[in-house]
Structure formats: C-alpha cells, structure tokens
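# Remarks on the overall topology
One-letter residues, chain by chain:
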Amino acid sequence: MELENKRESKVISKNIDVFYGDKQALFGIDLEIYKNEVTALIGPSGCGKSTFLRCINRMNDVIDICKITGEIEIDNFNIYKPDVDVVRLREKVGMVFQKPNPFPKSIYDNIAYGPSIHGIAKDKNEMDHIVETSLQKAALWNEVKDRLHEPGTGLSGGQQQRLCIARAISINPEIILMDEPCSALDPIATAKIEELIDSLKRSFTIVIVTHSMSQAARVSQRTGFFHLGKLIEMGETEKIFKNPNNTMTQDYITGRFG
Ligand SMILES: Nc1ncnc2c1ncn2[C@@H]1O[C@H](COP(=O)(O)OP(=O)(O)OP(=O)(O)O)[C@@H](O)[C@H]1O
Ligand SMILES: [Mg+2]
C-alpha cells in the first residue's frame, strides 16, 4: 500500500465503453497506469486488449464504425475532449505493432522521418544526434552504425522491431504502447526486446499487450486481465500471477482457457 502511494499516475481510464457498430467490444473499463512502469495487458484473443491500447492514443478514431464513450486522462487531462489535437497526442503516445513495419527507407531515414515532420531537429548535426541516441536507446546502434544508409527492411526481424522502437522514441514520447511486439520474433530477439523494455521504463511509461504469460511476468510491474471486453482484475504482476483474486484470472494464467 505504501509503495502504491509513491507511484505517480500517468493514464487513468474512466468508464470506457467501445463499440464497433452495434457490437460492444469494451465494457466500462476503469484502470490506472503508473508513470515509468511497464503495464501488461493479457487475456484471450478477442477480449479487447488491442482495442483498449488504441484508446490511449485515439487510434480507434481512424476506424469509422468505432465509437468510444468515457474518459482517458493522461496527466489529468481528458484526451477525449472535443478540441484535443490528436496529432500532438500521438507524438506524446507512440506505438509499436506486432509485425515490425519499418518504412521502405534507409535505417537513418526511418528514425529521421518523425523528427523531421515534427520539426524537432534544427540542422543535420542535431538530426544525426537524434538518430544516434534513438538507436542507442533501442539497443541497436552497435549493430547498425556502419550501415545507416542501407534499407531498414534489410535488417533481421528482431532488429527491425528495435528499429521501430527507435523510431517511436525519436520524437521523444512519454508513453509507448506495444501490441504484441515480440510475437513475430524468435526467443533470442524476444529476450533482447524484453531487456530493452526494462531499460526504457526509466524514460517512458510502457503499456504492452502480450499473449505470453511468462513475458508479462518478466517485464511488467502491473498486469491487467481482460475477458470478453471486461477488465476482470488488475494489480501487481506478482500478485496476479501468484495469487489472483479472481478464479477466471487464475484459470487463464494456469492455461485452463484462452
Ligand atoms: N476494426 C474492427 N471492426 C470491427 N470489430 C472489431 C475491430 N477491431 C476489433 N473488433 C472486435 O472487437 C473485439 C476486441 O478485439 P481486439 O482486437 O481488441 O481483441 P484482442 O484482445 O486484441 O485480440 P487478439 O489477442 O486476438 O489480438 C473483437 O470481438 C473483435 O472482433
Ligand atoms: Mg490484439
């Protein structure tokens, strides 16, 4: 309890409902995500994890039939207020997807693209610096520093995913959303990304969707379990995995369904 009090809240979801047309995908989601922590979202396929993740940077706005009610506060500000600048919001809340999706450009340009459209770098020197530090933070610099002008798509899957993380970092977001970022990767590349996620939490707040219980247990401080569009239980990762309050959570984490 005392530990909880010291934590700083970054994202608060208040009674979020999401509909795709007539079909309701999320039901009254209330939850809190803490700053500089990794929060894992788990649950069976179709339970609404990706839908919830996309609520945090309003990526659901681009889906015509999707309707959202409720509030999401980031730093105590409701991002669903009508006058919110979603471009600015998505600068603050970056995203990394399941399948690495580098642009068909050089490694350098993959990183430089965001800072250049957002006018973050003053000149070439500053851009070089952003590219280098982003790649360093993504634990990729040493592997690519001699081939910055080769295509990003020529990297291995795990390297491509770290490139996508570097790209997300390059515009200096506060929150990084990751939707199953390792599901296309082998165990070694996965271990590297997990290590990276752990180091990134010093600078960012991270929310990760994963199907891997062991990954959630390894990388996150808190875990939320979703089932059929509802948040069944959320708490300290250790508690969720060792001694959950809800039998459905217990059944899921022990592999009895899902
Ligand atoms: N673009 C969409 N249009 C219509 N329905 C959608 C759309 N995206 C998701 N849904 C529906 O919303 C529900 C939640 O889907 P969501 O993708 O959020 O689940 P998930 O937990 O991420 O699943 P998975 O683990 O398979 O990725 C599902 O019933 C899904 O079919
Ligand atoms: Mg999903």
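Above this text is the structure in question.
All of the points below concern the structure found in this document. (Residues numbered from 1 in each chain as written. Chains lettered and ligands numbered in written order. Predicted model: local features only at pLDDT ≥ 70, side-chain atom pairs only at ≥ 80, totals over all residues. Heavy atoms only, no water.)

## So, the packing of aromatic side chains
By the definition in use, this model includes three aromatic pairs. For the ring pair F52 and F226, a centre distance of 5.8 Å and an interplane angle of 40 degrees mean the geometry is tilted. Residue F52 is located in helix α2 (residues 49-56), and its partner F226 is located in strand β9 (residues 222-227); the two are separated by 174 residues in the primary sequence. Here the two residues F52 and F226 agree in accessibility, since each one is buried. Here the aromatic rings of F103 and Y113 are separated by 5.0 Å at their centres, their planes lie at 65 degrees, and the arrangement is edge-to-face. Placement of the pair is F103 in the loop between β6 (93-96) and α4 (107-117) and Y113 in helix α4, with a sequence separation of 10 residues. Here F103 falls in the partly exposed class, since its relative accessible area comes to 27%. Sitting over the face of the ring of F103, R167 holds its NZ or CZ atom 4.2 Å from the ring centroid. Over the aromatic face of F27 sits the side chain of K230, whose NZ or CZ is 5.2 Å from the ring centroid. (Phe/Tyr/Trp six-rings, centres within 6.5 Å; stacked < 30°, edge-to-face > 60°. Helix = DSSP H or I, 4+ residues; strand = E, 2+ residues; numbered from the N terminus. Buried < 20%, exposed > 50% of the residue type's maximum accessible area, 1.4 Å probe, protein only. Lys NZ or Arg CZ within 6 Å of the ring centre and 35° of its normal.)

## A short note on the environment of E180
With respect to the helices and strands, E180 occurs in the loop between β7 (175-179) and α8 (187-200). Distance from E180 to E143, taken between C-alpha atoms, is 23 Å for residues 37 residues apart in sequence. Each residue touching E180, except ones within four places of it in the same chain, is listed here: Q98, V209, T210 and H211. Of the polar contacts made by the side chain of E180, one reaches the side chain of H211; its length is 3.1 Å. (Contact = heavy atoms within 4.5 Å. Polar contact = N/O pair within 3.5 Å; in protein donor to acceptor, adjacent residues only side chain to side chain.)

## Description of the state of the cysteines
A full pass over the atoms with the stated rule returns zero disulfides. Here C66 stays free of any disulfide, with the sulfur of C55 as its closest cysteine sulfur at 6.8 Å. Here C164 stays free of any disulfide, with the sulfur of C182 as its closest cysteine sulfur at 12 Å. (Disulfide = S-S within 2.5 Å.)

## Structural notes on the side chain of K201
By the element assignment, K201 lies in the loop between α8 and β8 (205-209). At a separation of 2.9 Å, a polar atom in the side chain of K201 contacts the side chain of D198. For K201, the residues in contact, after removing those within four places along its chain, are N36, E37, V38, I206 and Q221.

## Here we look at unusual backbone geometry
Look at N15: it is not a glycine, yet its phi comes out positive at around 50 degrees. By secondary structure assignment, the location of N15 is in strand β1 (residues 9-20). Phi angles above zero are rare outside glycine, and N36 is one such case at about 55 degrees. You can see N36 is positioned in the loop between β2 (23-34) and β3 (38-42).

## What about the sheet that holds strand β5 (residues 77-78)?
Spatial strand order, β2-β1-β4-β5: four strands in an open sheet with antiparallel pairing. Edge positions in the open sheet fall to β2 and β5, since each of these has one partner strand only. Two strands pair when backbone bridges link them, and β1 and strand β4 (residues 66-74) are joined in this way by eight bridges, in the antiparallel orientation. Directly across from Y20, in β4, lies its bridge partner C66. (Pairing = 2+ DSSP bridges.)

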